[in-house]
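These are the residues of each chain, in order.
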Amino acid sequence: MTQRITELAKALEAKVIERRRDLHRHAEAAWTEFRTASVVADALTALGYEVLAGAQVVAEEGMMGVPSAAELDKHAQRALDQGANPAWVAKMQGGKTGVVGILRGGKPGPTVALRFDMDANDVVEAKEETHRPFREGFASVNHGAMHACGHDGHTAIGLGVAEVLAKIKDELCGTVKLVFQPAEEGVRGAKAMVMAGVVDDVDMMLGMHLGFVLRKSGAVCCATSGFLATTKLDATAPGVRAHAGGAPETGRTALLAAATAAVNLHAISRHSAGASRINVGVLNAGTGRNVVPANAVLKIETRGTTSAINEYVYEEAVRIINASAAMYGVKVEITEMGGAAGCDSDAVLGDRLRKVAENSGLFQNQVANADLGGSEDCTYFMERVQQRGGVAAYMVVGSEIAAGHHDSRFDFDEGVMTNAIALIATATVDLLQNPVAK
């Protein structure tokens, strides 16, 4: 079966590269992936998957950092102009651009979920001959949106896996759920899909990324660790404007409230149970030198090695922000703009995946453990599956890259995609036949 799957994956190479380049050319940022999600939904439907989309898989109350309605409408129309299926775009109104494909095998068994992120970055792509996507004509045509993190490759890999598994459907034991997630950048999208219950019936969960901490083609890590839980929040403080010279006592300074918060947020006590982080990345306030500033915005993130530590930092941050606002008599509105859980890959699942990778013969270098050292909201899916008694793991497939992730010159080795398809499809079949449990 391993050899058969590898042959099926290799036969898709030209198609997968073409699809990756089409997605790269039509990059769409978080919650605006109308065309990308439409391509995914159409492809899964053609392969015989049960396809769920829109409000079926995205809970509105869990959506964070969503663009305005006018912005969403503009991008939905752009997607239609670029060939998106109107029926899917209509189903995804409001930015609910998640898609889930369900494939039920010919025999009973467990449920394995595979997660692939679809969104691009808010980056203007380089227009230089040394940048391959520009030189070869598949650079983004959507100004200000670029696949600078490899999610176009992830989506193409996911659809490749879908096609391979569809061809051996009758031999599968159990159910496969392919989760195509919007809005990973800014860690905004997974929580809403988790809240919609898309992985509540999942026994084993896999996530993956290209490159990142493995920047060599032919390398693979089957059990990534070091995920930091995080919360992204905006604090908006409306004060009272006044003449700074003639009537300062009638004003309420939002600027000083924000500045007080910014200084004291960095005084939050560290946590004894693990690393914690806080950063005030943006402080905007005021309108003029002779006006008591009646507006201020803070953009903040908290992090922790566990969800509990991150929650501690977040709660302290909220307390300090509210206290600072009260000192200057201004109100404050706090909005969560993104978040991710803190968790690690299950060792037992990582061990099984390592055996699958080794037996495949596709990889020259197996890295025992890669520390992500950041945040990725696939952890919301992983945490939910683990909380409900299942197991989860996050893999990294190595790739040479032209520049760092999120760089305007980012590009990856397209040759690694078929190996990733073969590995994920083989692992899925193996797990369905011989389930892993805690």
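Look up a bit, the structure's there.
Overview of the structure. Remember, it's a predicted structure, so these values are computed and weren't measured experimentally. (Residues numbered from 1 in each chain as written. Predicted model: local features only at pLDDT ≥ 70, side-chain atom pairs only at ≥ 80, totals over all residues. Heavy atoms only, no water.)

**Notes on the sheet that holds strand 7 (residues 229–238)**
As summarised here, the arrangement of the 4 strands in space is 9-11-7-12, forming an open sheet in which the pairing is antiparallel. Of all strands in the sheet, those with a lone pairing partner are strand 9 (276–285) and strand 12 (333–340), marking the two edges. Neighbour-to-neighbour, the strand axes of the sheet open up by a mean angle of 15 degrees, direction not taken into account. Here helix 9 (residues 254–265) sits on the sheet and contacts strand 7, strand 9 and strand 11 (295–304); the angle it forms with strand 11, its principal contact strand, is near 15 degrees. (Pairing = 2+ DSSP bridges. Helix = DSSP H or I, 4+ residues; strand = E, 2+ residues; numbered from the N terminus. Axes fitted to C-alpha atoms, helices over the stretch in contact; angles between N-to-C directions. Contact = heavy atoms within 4.5 Å.)

**Considerations on the packing of helix 9 against helix 10 (residues 307–327)**
Following both chains from N to C, one finds helix 9 and helix 10 inclined at 145 degrees, their axes separated by 8 Å at the closest point. Crossing of helix 9 over helix 10 shows right-handed handedness. Across the interface between the two elements, Ala 257, Thr 260, Ala 261, Asn 264 and Leu 265 from helix 9 touch Ala 317, Ile 320, Ile 321, Ser 324, Ala 325 and Met 327 from helix 10. Along the lines of polarity and charge, the residues of the contact of helix 9 with helix 10 split into 8 nonpolar, 3 polar and no charged. (Left-handed = near helix turned anticlockwise from the far one by under 90°. Nonpolar A, V, L, I, M, F, W, Y, C, P; charged D, E, K, R; others polar.)

**A short note on the packing of helix 3 (residues 34–46) against helix 7 (residues 151–167)**
Put simply, helix 3 and helix 7 touch, their axes get as near as 10 Å, and they point 10 degrees apart. The pairing of helix 3 with helix 7 is recorded here as roughly parallel in orientation. Contacts from Thr 36, Val 40, Ala 43 and Leu 44 of helix 3 reach helix 7 at Thr 155, Leu 159 and Ala 162. Per-class residue counts for the contact of helix 3 with helix 7 are 5 nonpolar, 2 polar and no charged. (Parallel < 35°, antiparallel > 145°, perpendicular 65-115°, else oblique.)

**Points about the environment of Glu 18**
Looking at the element boundaries, Glu 18 is found in helix 2 (residues 13–25). The class for Glu 18 is exposed, based on a relative accessible area of 59%. For the pair Glu 18 and Ala 156, spaced 138 residues apart in the sequence, the C-alpha separation amounts to 9.0 Å. (Buried < 20%, exposed > 50% of the residue type's maximum accessible area, 1.4 Å probe, protein only.)

**Some words on the pattern of salt bridges**
It is possible for side chains bearing opposite charge to pair when their charged atoms get close. This model, assessed by the stated rule, comprises 28 salt bridges. Of the charged contacts, one joins Asp 411 and Arg 20 as a salt bridge, the two residues approaching to 3.0 Å between their closest N and O atoms. One end of the pair, Asp 411, is in the loop between strand 14 (391–397) and helix 13 (417–433); the other, Arg 20, is in helix 2, and 391 residues separate them in sequence. Accessibility assignment for this pair places Asp 411 and Arg 20 in one class, buried. Among the salt bridges present, the one from Arg 409 reaches Glu 128, with a minimum N-O distance of 2.8 Å. In this pair, Arg 409 sits in the loop between strand 14 and helix 13 while Glu 128 sits in the loop between strand 3 (107–117) and helix 6 (132–135), placing the two residues 281 residues apart along the sequence. The exposure class of Glu 128 is partly exposed, given its relative accessible area of 29%. When salt bridges that share partners are traced, they join Arg 20, Arg 21, Arg 132, Glu 136, Asp 152, Asp 411 and Glu 414 into one network. (Salt bridge = Lys/Arg side-chain N within 4 Å of Asp/Glu carboxyl O.)

Function cannot be read off these values alone, since they describe shape.
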